[in-house]
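Architecture and fold: a report
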Amino acid sequence: MGMLAAAAASALLASPHAPAGRRRLSGAWTLRLRPAASPGAAALRLHNFVPKCYIANVEVDVTTVSKEEAFDDHTSLPSACSIPVVNLRGDVLDSSPFSLHDRATCPSSFEELPVLSEREQHTLASTPAHPAGLYALYASYLFGNLVEQLWNFAWPTALAILHPSLLPVAIVGFFTKLSVFIGAPIVGKLMDHFPRIPMYTALNAVQVTTQLISAATVIYALKNMSHTSTTAVVLRPWFIALVAAGAIERLAGLALGVAMERDWVVLLAGTNRPVALAQANAVLNRLDLICETVGASVFGLLLSKYHPVICLKIACGLMICSFPVLVMLGQLINRVSCHALDSSRTATDESICIDLLNVHKIVQNSLSAIKHGWNEYKQQTVLPASAATVFLNFNVALAPGAIMTALLMHRGISPSVVGAFSGLCSIMGLVATFISSSLVKKVGILKAGAAGLIFQASLLSVALTVYWAGSISQRTPLLIFLASIALSRLGHMSYDVVGTQIVQTGVPASKANLIGGMEVSIASLAELVMLAMAIIANDVSHFGFLAILSVSSVAGAAWMFCRWLTNPTDEQRELFMFDPLYQVQAI
């Protein structure tokens, strides 16, 4: 058989990912190689195998190859591997499997190859590639996130004790968002060109150091500052140091989050195992919500029993202890996952990292990274899914947060009701992490994402209608208003998990941190814009305007995502070729 036959056979047997390699036929699943009536047909040889080969329902008919086609360029093919006929029947899974893992030995002929049944494919999709590595990742994420969330609650609380005005907290918060917007692209690019473990260690060192600097400045202020004007506070050197350290700390923390949530978890769960990846993403979200609740509760409990300075010193002790533990866990993750985190790094990365870390070019590198990140970001196939996540960040009014708390307190709502509302929102977020993985397993990630966005937009529309229709100071409208917002968190957190997985699936591993950093940067810009709108419309009577903007942003995200699903490109279909949505459309 000629060169065309050899190429066809090699492509079908050695490429488990070929799109044309999987078709559902009625009856048995078969692969037949029909040799031409040529004396040279028996010369067909198979050069090599990949470790795993899955073939289902493919027919190759080679009948028009001329006898004159030479086989000169295949002299290295082993003569012992001939393939006269390959026939896969529906009962192939009951037969003894043919080992493809040993490259050194190859039988003289074979009749059957193993094909995964539908049940086995579901089992494979639910099984992580490196389960031990995932458990180590969960431990690292839990410990690091717990210390981070504790500090995120500690510093604003300490500043509030130090000075009654909200301006110091607002200034620190503004510059942290600004640092994320400017610095996330360059940090993401740096992480994509730097070995994962050294970068992880360096970011943890930076985060712990800046946390300790911030804590030291606040402790100094609590010991030495008396009641003074707001202007005098924000112009002090210790406050300027706090702003700078806080901005760097937040940037390092977000970089660690992007690395773990967009890069590491994909390698450990497996890019071609959607259910396992969805479950891993759900676990990370649960741990995040648990750490947020526990961190605030622990520091609040300490603050109720001890002086703020003592509480901050305890927090500093936890930060110092966390660094060696996190470094050890990072090494453990790589070791138990067979050094999966050492992949995808080239020899040219060092020169790129040195150039990016050049202090004299920091402004130029930042602008270049933002431009490069934006160009890469807008070219991604999954851009609408990522943009929907950004649009959800415009919802600052109809969500648990400072603006909602201020509205309820202004309306005379009991603090116990406000606290119960915040707790209910957290519970809904936790429940959503379980719902999202079940949705992905039943309907696929694309339909699950659309369901989450539509559900959230619908319930927020109900909340907006109730707000405009009557006074939320009355019991029944208030309960409907708060219940609608709390239930909408089911859709919000479900899409947060699913949208992350869609971006994980669609973004190449070599650009995962860059695209993730760019998404975080744009999301921070969205929050800055909405905070600016809230500053302009700072009166509680203007809350209805902010609520309209919030509902419009969520509805726009749902519309954008659904339009993306209903008008898929060829690249999009190929990327999500195993999703039930496009499989049904293909039938």
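The structure we're discussing is the one just above.
Residues numbered from 1 in each chain as written. Predicted model: local features only at pLDDT ≥ 70, side-chain atom pairs only at ≥ 80, totals over all residues. Heavy atoms only, no water.

With that settled, consider the overall build of the protein. When helices and strands are counted, the protein shows 20 helices and two strands. Counting only contacts in the protein whose residues sit at least 6 apart along the sequence, the fraction spanning at least 24 positions is 85%. Of the roughly 27,900 Å² of accessible surface on the protein, a fraction of 65% belongs to carbon and sulfur atoms. (Helix = DSSP H or I, 4+ residues; strand = E, 2+ residues; numbered from the N terminus. Contact = heavy atoms within 4.5 Å. Areas by Shrake-Rupley, 256 points an atom, 1.4 Å probe, with all protein chains shown as cover.)

Okay, the nonpolar core next. In this structure, Phe481 and Ile502 are the most contacted members of the largest nonpolar core, which totals 57 residues. Secondary-structure elements contributing two or more residues to this core are α12 (383-392), α13 (402-410), α14 (415-443), α15 (445-469), α16 (475-506), α17 (512-536), α18 (543-566) and α20 (580-586). Counting residues per element, this core draws most heavily on α15, which supplies 11 residues. Excluding residues within four positions of it along the chain, Ile502 makes contact with Val382, Ala385, Ile445, Leu446, Phe561, Trp564 and Phe576. (Core = buried A, V, L, I, M, F, W, Y, C linked by side-chain atoms within 4.5 Å. Buried < 20%, exposed > 50% of the residue type's maximum accessible area, 1.4 Å probe, protein only.)

Moving on, we get to the packing of aromatic side chains. Counted under the stated rule, the structure contains 12 aromatic pairs. Pairing Tyr135 with Tyr138 gives two aromatic rings, centres 6.2 Å apart and planes at 80°, and the pair type is edge-to-face. Remark: Tyr138 and Tyr135 occur in helix α3 (residues 131-162); sequence separation between them is three residues, near one turn of the helix. Centroid distance Phe153 to Phe299: 6.3 Å. Interplanar angle 75°. Geometry classified as edge-to-face. Here Phe153 is found in helix α3, whereas its partner Phe299 is found in helix α8 (residues 274-305), with 146 residues between them in sequence. Phe153 sits in the partly exposed class, given a relative accessible area of 32%. Through a chain of ring-to-ring contacts, the aromatic side chains of Tyr467, Trp468, Phe481 and Phe543 assemble into a single cluster. Over the face of the ring belonging to Phe434 we find Arg286, whose NZ or CZ atom lies 3.6 Å from the ring centre. (Phe/Tyr/Trp six-rings, centres within 6.5 Å; stacked < 30°, edge-to-face > 60°. Lys NZ or Arg CZ within 6 Å of the ring centre and 35° of its normal.)

What follows concerns unusual backbone geometry. Although it is not a glycine, Cys338 sits at a positive phi angle of roughly 60°. Within the secondary structure, Cys338 is located in the loop between α9 (308-336) and α10 (349-356). The exposure class assigned to Cys338 is exposed, which follows from its relative accessible area of 64%. Despite not being glycine, His339 shows a phi value in the positive range, around 60°.

Looking now at the packing of α12 against α18. Running from amino to carboxyl end, α12 crosses α18 at an angle of 175°, the nearest separation of the two axes being 8 Å. It follows that α12 is roughly antiparallel to α18 by the angle criterion. Each of Pro384, Ala385, Ala387, Ala388, Phe391 and Leu392 in α12 lies in contact with α18, whose residues at this interface are Ser553, Val554, Ala557, Met560, Phe561 and Trp564. (Axes fitted to C-alpha atoms, helices over the stretch in contact; angles between N-to-C directions. Parallel < 35°, antiparallel > 145°, perpendicular 65-115°, else oblique.)

As a further point, take the side chain of Asn204. Examined against the element boundaries, Asn204 turns out to sit in helix α5 (residues 196-224). Beyond its immediate stretch of four places on either side in the chain, Asn204 contacts Leu256, Phe323 and Leu326.

For the rest of this paragraph, the subject is the packing of α3 against α9. Two elements in contact, α3 and α9, have axes whose closest approach is 9 Å; the angle formed by their N-to-C orientations is 160°. Taken together, α3 and α9 sit at an angle that is classed as roughly antiparallel. For the pair α3 and α9, the sense of crossing is left-handed. Each residue belonging to the contact of α3 with α9 can be placed in one class, and the counts come to 22 nonpolar, four polar and no charged. (Left-handed = near helix turned anticlockwise from the far one by under 90°. Nonpolar A, V, L, I, M, F, W, Y, C, P; charged D, E, K, R; others polar.)

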